[in-house]
Amino acid sequence: MQPRGEFRVSVTKDYLVFASAHFITFAGHRCEGLHGHNYRASVTIEGALNEESWFVFDFVELKRIMKQLCDEIDHLVLLPTKSDRVKVTEDGDVVSVSVDGKQRYVFPRKDCALLPIPNTTVEMIAEMLTDRLRVHLEQSGARGLTAIEMEIEENFGQSAFYRVGLP
Ligand SMILES: [Zn+2]
């Protein structure tokens, strides 16, 4: 039999979006003001064919997981909890945010997504969503997957890609 090539599946959908607020810190003491983006996520999964179904992974399930991941951070203020410069403190139902030691914002807790990343760049958001997707894929019993690539777009023609090979 002729050796088979490689397969990958990809989803990009109108509803794989999240409208969220953020600000990022730059090298030195620069820091953006709070603003928002209509982020868009798309994902590609590489892997072996599932021998029973002849697909890499079920589109319906992949879309469902990705929609859930987007919904978890939609309409929220994205805040980094691994930053050396941005300190996020939860106190009851409020979240206080300081930057470089200066108090900057207070938000209702319910309006924030506290993310285990060092800066809310699209690169870090892409990596975090890939990690979350990976957990869901493992739970759904996916087999033979070899790589995940996540694209997060924060503006037209402006996106970051994160690709990770799976052992
Ligand atoms: Zn931004």
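Treat the numbers as computed from the prediction; the structure is a model and nothing was measured. (Residues numbered from 1 in each chain as written. Predicted model: local features only at pLDDT ≥ 70, side-chain atom pairs only at ≥ 80, totals over all residues. Heavy atoms only, no water.)

A word on the packing of aromatic side chains
Per the counting criterion, the structure on display carries 3 aromatic pairs. Between the aromatic rings of Phe18 and Tyr39, the centroid separation amounts to 4.8 Å while the plane-to-plane angle is 15°, which identifies the pairing as stacked. On the criterion of sequence distance, the pair formed by Phe18 in strand S1 (residues 7-22) and Tyr39 in strand S2 (residues 35-47) is long-range, its members being 21 residues apart. Note on accessibility: Phe18 and Tyr39 belong to one class, buried. Ring geometry for Phe23 and Tyr105: centres 5.5 Å apart, planes at 45°, overall tilted. Placement of Phe23 in the loop between S1 and S2 and of Tyr105 in strand S6 (residues 102-108) is noted, with a sequence separation of 82 residues between them. Both residues of the pair, Phe23 and Tyr105, count as buried. Taken together, the ring pairs connect Phe23, Tyr105 and Phe107 into an aromatic cluster. Sitting over the ring of Phe26, Arg30 keeps its end group 4.3 Å from the ring centre. We note Arg104 situated over the ring of Phe23; from NZ or CZ to the ring centre the distance is 5.2 Å. (Phe/Tyr/Trp six-rings, centres within 6.5 Å; stacked < 30°, edge-to-face > 60°. Helix = DSSP H or I, 4+ residues; strand = E, 2+ residues; numbered from the N terminus. Buried < 20%, exposed > 50% of the residue type's maximum accessible area, 1.4 Å probe, protein only. Lys NZ or Arg CZ within 6 Å of the ring centre and 35° of its normal.)

Topic: the pairing of strand S4 (residues 86-91)
Bridge count between S4 and strand S5 (residues 94-99): 6 bridges; the pairing is antiparallel. The residue bridging Glu90 from the neighbouring strand is Val95, located in S5. Once S4 ends, the chain turns through 2 residues before running back antiparallel as S5, passing Gly92 with a positive phi of about 65°. (Pairing = 2+ DSSP bridges.)

Some remarks on the sheet that holds S4
Ordered by their spatial adjacency, 3 strands build an open sheet running S4-S5-S6, and the pairing between neighbours is antiparallel. Edge strands, defined here as strands with exactly one partner in the open sheet, are S4 and S6. Direction aside, neighbouring strands of the sheet carry axes that sit 20° apart on average. (Axes fitted to C-alpha atoms, helices over the stretch in contact; angles between N-to-C directions.)

Examining the coordination of the zinc ion
Four donors placed tetrahedrally about a metal ideally form angles of 109.5 degrees, and six donors placed octahedrally ideally form angles of 90 or 180 degrees. The protein atoms that coordinate the zinc ion are His22 (NE2), His35 (NE2) and His37 (NE2), at distances spanning 2.0 Å. Read in sequence order, the donor residues for the zinc ion give the motif H-x12-H-x1-H. With His22 in strand S1 and His35 in strand S2, this pair connects stretches of sequence that are 13 residues apart. Here His22 falls in the buried class, since its relative accessible area comes to 2%. The partly exposed category is assigned to His35, whose relative accessible area is 25%. (Donors = N, O, S within 2.8 Å, 3.2 Å for Na, K, Ca; no water.)

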